[in-house]
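Residue strings, one per chain:
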Amino acid sequence: MIPRVVVAAPASGSGKTTVATGLVAALRRRGRAVAPFKVGPDYIDPGYHALAAGRPGRNLDPVLVGEDRVGPLFAHGAAGADLAVVEGVMGLFDGRSGTRGYASTAHLATLLAAPVVLVVDARGQSRSLAALLHGFRGFDPAVRLAGVVLNRVGSEHHERVLREACDEVGLPVLGVLGRHAALEVPSRHLGLVTAAEGGSAARRAVAAMADLVEAAVDLDAVVRLAEAAPELPGAAWDPALEVGTPTAGRPVVAVAGGSAFTFGYAEHAELLTAAGAEVVVVDPLRDERLPERTSGLVLPGGFPEQHAAELAGNAALRAEVARFAAAGGPVHAECGGLLYLAAELDGQPMCGVLDARGRMTERLTLGYRDAVAGADSALHPVGARVSGHEFHRTVLEPGQSATPAWHWRSAVGHAVSEGFVWRGVHASYLHTHPAGAPEAVARFVSRCARTAPWRSAS
């Protein structure tokens, strides 16, 4: 039995992150162990959740991992906690384009049988709030809308009118937040600055959210809602069962981390370890050598474009990555990792593994992709199918190699080939969730075990 509550909203920008992060931090202050989750492929909010909870923030996304894994992954991520807070994505019923709400917050709430707290941006509203709440509560009877947090309330009179509107539809008001510009955290072209980059500013923002929620939200009422959620059937996700018999030899897999490479899932390291690897973090902004005995390299996404000069300045590590890849070492690179392998990024030299150049643009590329592997690689056999997600404002020129990593159809039916497979390198803009394809992790570790351990040049 895992007490749980979902924090949702009618639309993006309503204050979900403030309320969810503040709830996690405020409940932790009360001595509760809180497991934080985020609906969808977001990498940024879970970093703030982790700061608030003191444990990893995790994602729940049926597109990327399959509907049947959502409950088990939730149970795995909530192990050792006495309450879970799940932050939604976009509006409550907004899911994957072209579906009727698949992978929406409402979809996840039904999979988890969790009550929903709706955060409403009340600016410019009075009694019309009643109509909005009536519609959201009745739209899908499977979703239990259990309470409301009113955000950006302008005055005592405004609050009174809004409470009367909530009373008309019989929904309890669990909290009332005013207009607090001081809670804004640093942002950039893809959203918030990551918690790892935000440093003390991120910690101050989380503390301010906790202060606000502690003062403005009835925490006891939220806990009672969470405790009323029914028991979830089935066993928790187990990475060892997902990957099977571990590879012998404990090959070292270096995983890029630090401020430039923050877009990863906690389950990735867990699967790598279960598959037999020894996971060692390397920071391309600071470390000048690959870890000794490295037999595989994972370059996750992040914001390398914000750190291009510093990455370029670490010529020693760039050269080692290039030599490792040229020698056939297995390399798994996604989005930011793809850019790091390019010849240059916004005019700054990168590793030069790929004959391509990256640059920032004004155009946002965003969306789920159903992809087919274009070639045998360290991760996938040719023809393997995965679901992934793109999220970037950069372009790579040329955008594909003679051996693309993936093929898919665009929303309008155009054939798309994307990414690079070269020797042991699999590099692409496509973000995947390793829990959705554990066989790829096992294949990668097996390939690493057959690779001669790397010895850094002295």
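No experiment lies behind these values; they were computed from the predicted model shown.

A. Expanded view of empty space enclosed by the protein. The full count for this structure, using the stated rule, is two cavities of 30 Å³ or more. In this structure, the largest cavity occupies an estimated 160 Å³ of space. Forming the boundary of the largest cavity are 19 residues, of which His332, Leu379, His380, Thr432 and Ala440 lie nearest the centre. Here the lining of the largest cavity is composed, by residue class, of 11 nonpolar, seven polar and one charged. Roughly 50 Å³ of internal volume is contained in the second largest cavity. Together, 11 residues line the second largest cavity, and Gly302, Glu305, Cys335, Phe391 and His392 are the ones closest to its centre. Mapped by element, the contributors of at least two residues to the lining of the second largest cavity are helix H14 (336-341) and strand E17 (385-397). It is E17 that contributes the most residues to the lining of the second largest cavity, four residues altogether.

B. Expanded view of the packing of helix H1 (residues 16-29) against helix H9 (residues 219-227). Between H1 and H9, the shortest axis-to-axis distance is 11 Å and the interhelical angle comes to 100°. Classified by the angle between their axes, H1 and H9 sit roughly perpendicular to one another. Between H1 and H9, the contacting residues are Leu23, Ala26 and Leu27 on the first element and Leu219, Val222 and Val223 on the second. Of the residues in the contact of H1 with H9, the class split is six nonpolar, no polar and no charged.

C. Highlighting the pattern of salt bridges. By the definition in use, this model includes 24 salt bridges. A salt bridge links Glu267 to Arg58, with the shortest nitrogen-to-oxygen separation between them at 3.2 Å. Of this pair, Glu267 sits in helix H11 (residues 266-274) while Arg58 sits in strand E3 (residues 58-60), and the two are 209 residues apart along the sequence. One exposure class covers both Glu267 and Arg58, and it is buried.

D. Spatial organisation of the sheet that holds strand E6 (residues 145-151). Taken in spatial order, the seven strands of this open sheet run E3-E2-E4-E1-E5-E6-E7, and their pairing is parallel. Lying at the two open borders of the sheet, with one neighbouring strand each, are E3 and strand E7 (173-176). Within the sheet, the average angular offset between the axes of one strand and its neighbour, ignoring direction, is 25°. In the sheet, strand E5 (residues 116-121) pairs with E6 via six bridges, with the strands oriented parallel. Bridging from a neighbouring strand, Val117 pairs with Gly147 of E6. Helix H7 (residues 156-169) contacts E6 and E7 of the sheet and is inclined by roughly 160° relative to E7.

E. How the structure looks around the packing of aromatic side chains. In the structure shown here, the tally under the stated rule is eight aromatic pairs. Consider the rings of Phe93 and Phe136, whose centres lie 5.8 Å apart with planes at 35°: the pair is tilted. Within this pair, whereas Phe93 is found in the loop between strand E4 (83-87) and helix H5 (105-111), its partner Phe136 is found in helix H6 (residues 128-139), the two being separated by 43 residues in sequence. Here Phe93 and Phe136 have matching classes, each one buried. A network of ring pairs unites the aromatic residues Tyr43, Phe263, Tyr265 and Phe303 as a single cluster.

F. Representation of the side chain of Glu267. Taking relative accessible area as the criterion, Glu267 reaches 1% and is therefore assigned buried. In terms of polar contacts, Glu267 uses its side chain to reach the side chain of Arg58, at 3.2 Å. Contacts of Glu267, omitting those with residues within four sequence positions, involve Arg58, Leu73, Trp237 and His433.

G. View of the nonpolar core. Judged by nonpolar contacts, the single largest core of 105 residues is most densely connected at Leu133, Leu150 and Leu272. For this core, the leading source of residues is H1, giving seven residues. Among all residues touching Leu150, those that are not within four sequence positions of it are Val120, Leu129, Leu162, Cys166, Val173, Gly175, Val176 and Leu177. Counting residues in hydrophobic clusters, the runner-up holds 35 residues, among them Ala254, Val282, Leu311 and Tyr429.

H. Quick look at unusual backbone geometry. The amide bond that connects Glu397 to the next residue, Pro398, takes the cis arrangement and shows omega of -5°. Along the chain, Pro398 turns up in the loop between E17 and strand E18 (406-409). The backbone phi angle of Met90 is positive, close to 50°, even though this residue is not glycine. Secondary-structure assignment places Met90 in the loop between E4 and H5. For Ala103, which is not glycine, the phi dihedral falls at a positive 70°.

I. Examining the sheet that holds strand E12 (residues 294-299) more closely. Taken in spatial order, the six strands of this open sheet run E11-E10-E12-E13-E21-E20, and their pairing is mixed. At either end of the open sheet lies a strand with only one pairing partner, and these are strand E11 (278-282) and strand E20 (420-422). On average, each strand axis in the sheet is tilted by 15° relative to the strand beside it, whichever way the strands run. In this sheet, E12 lies alongside strand E10 (residues 252-256) in parallel orientation, the contact comprising four bridges. By the bridge assignment for E12, Ala254 is matched with Leu297. Of the strands in this sheet, E11, E12, strand E13 (331-334), E20 and strand E21 (425-428) are in contact with helix H13 (residues 315-326), which crosses E12 at around 115°.

About the criteria used
Residues numbered from 1 in each chain as written. Predicted model: local features only at pLDDT ≥ 70, side-chain atom pairs only at ≥ 80, totals over all residues. Heavy atoms only, no water. 1 Å grid on protein atoms, 1.4 Å probe; cavity = no way out; pocket = protein on both sides within 12 Å on 5 of 7 lines; lining within 4 Å. Points joined across faces, edges and corners; volume = space filled by probe spheres on them. Nonpolar A, V, L, I, M, F, W, Y, C, P; charged D, E, K, R; others polar. Helix = DSSP H or I, 4+ residues; strand = E, 2+ residues; numbered from the N terminus. Axes fitted to C-alpha atoms, helices over the stretch in contact; angles between N-to-C directions. Parallel < 35°, antiparallel > 145°, perpendicular 65-115°, else oblique. Contact = heavy atoms within 4.5 Å. Salt bridge = Lys/Arg side-chain N within 4 Å of Asp/Glu carboxyl O. Buried < 20%, exposed > 50% of the residue type's maximum accessible area, 1.4 Å probe, protein only. Pairing = 2+ DSSP bridges. Phe/Tyr/Trp six-rings, centres within 6.5 Å; stacked < 30°, edge-to-face > 60°. Polar contact = N/O pair within 3.5 Å; in protein donor to acceptor, adjacent residues only side chain to side chain. Core = buried A, V, L, I, M, F, W, Y, C linked by side-chain atoms within 4.5 Å.

None of this, on its own, says anything about what the molecule does.
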